[in-house]
Amino acid sequence: MEFTIKHTWDGLPVSHEPVTIVLKSDNAGLLMEVNAPFFNDPPAPLGEPGKPFSRLWDYEVVEAFFLSDRTEQYLEVELCPHGQHLLLLLSGKRRVWKEELPLEFEVTRMKTKWEGKAHLPWNYFPPGTNKFNAFAIHGSGEERKYEALHPVPRHELQEGQKPDFHRLEFFKDLNLKGLMGEDWKQPESDIWKSLTN
């Protein structure tokens with residue numbers, strides 16, 4: 001299952017080789033593979049590669065959001081070409097209840113592009129995951145670029161609107177059965193079970 005981020009958050013075409021994200025079935029979850037241009041802007045976060053890094057969204061990053069639209073619960077995955085990552089669990093729009101979850105994440109970085117492989121365990125996915133969106137951010141200051149797989153439709157844009165990756169209403173269907181097989185059922189998650197709303 002492959003996705004290509006061809007637009008900015010507000011629906012304009014990107015001006016470089018687009019970021020691609022491939023989702024594959026993995027032993028105990030999904031394997032998320034990222035292929036992206038490497039801008040090296042902003043410079044690397046000061047955190048240790050392979051470890052969670054708070055506020056990673058302020059750096060160069062590719063993000064994937066896995067949503068259950070029935071409950072508005074979602075998993076946010078942020079991957080950085082320098083090896084840091086940030087995983088957040090949210091229950092309700094922007095309401096983080098768990099963060100900096102451990103992740104098996106490998107990065108291969110070349111001069112102008114990078115590849116990442118993240119092993120996302122089913123335990124991290126909210127029950128009934130059925131929607132998806134993905135984003136990429138790079139650049140500094142005025143030159144910062146925000147890109148989206150499913151951007152805000154042009155007719156929905158408001159004057160002075162800022163990028164907001166938590167517009168859950170613009171996420172599109174994610175057919176996990178199509179990827180995993182028609183008889184597949186999403187495994188229960190102990191982590192999400194522990195959440196009492």
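Criteria and cut-off values
Residues numbered from 1 in each chain as written. Predicted model: local features only at pLDDT ≥ 70, side-chain atom pairs only at ≥ 80, totals over all residues. Heavy atoms only, no water. Helix = DSSP H or I, 4+ residues; strand = E, 2+ residues; numbered from the N terminus. Buried < 20%, exposed > 50% of the residue type's maximum accessible area, 1.4 Å probe, protein only. Contact = heavy atoms within 4.5 Å. Areas by Shrake-Rupley, 256 points an atom, 1.4 Å probe, with all protein chains shown as cover. Lys, Arg positive; Asp, Glu negative; His and termini not counted. Charge placed at Lys NZ, Arg CZ, Asp CG, Glu CD. Polar contact = N/O pair within 3.5 Å; in protein donor to acceptor, adjacent residues only side chain to side chain.

Trainee: What should I look at first to understand the overall build of the protein in this one?
Mentor: Helix and strand content of the protein: 2 helices and 13 strands. If you line up the protein on its principal axes, its C-alpha atoms span 45 × 40 × 30 Å. Looking at the 197 residues of the protein, the share that counts as buried comes to 49%. Relative to all contacts within the protein whose residues are 6 or more apart in sequence, the contacts with residues 24 or more apart total 59%. Taken as a whole, the protein presents about 10100 Å² of accessible surface, with 48% of it coming from carbon and sulfur. The positive charge centre, built from 23 side chains, and the negative charge centre, built from 31, are 1 Å apart in the protein.

Trainee: I would appreciate a short explanation of the environment of Y124 in the present structure.
Mentor: Take Y124: it is sitting in the loop between β10 (113-121) and β11 (131-138). Assessed through its relative accessible area of 7%, Y124 is described here as buried. Considered as a pair, Y124 and M180 are 56 residues apart in the sequence and their alpha carbons are 17 Å apart. Residues within four places of Y124 in sequence aside, it is in contact with L75, L87, L89, L101, P102, I191 and W192. Engagement of the side chain of Y124 in a polar contact is seen with the backbone oxygen of P102, the distance being 2.6 Å.

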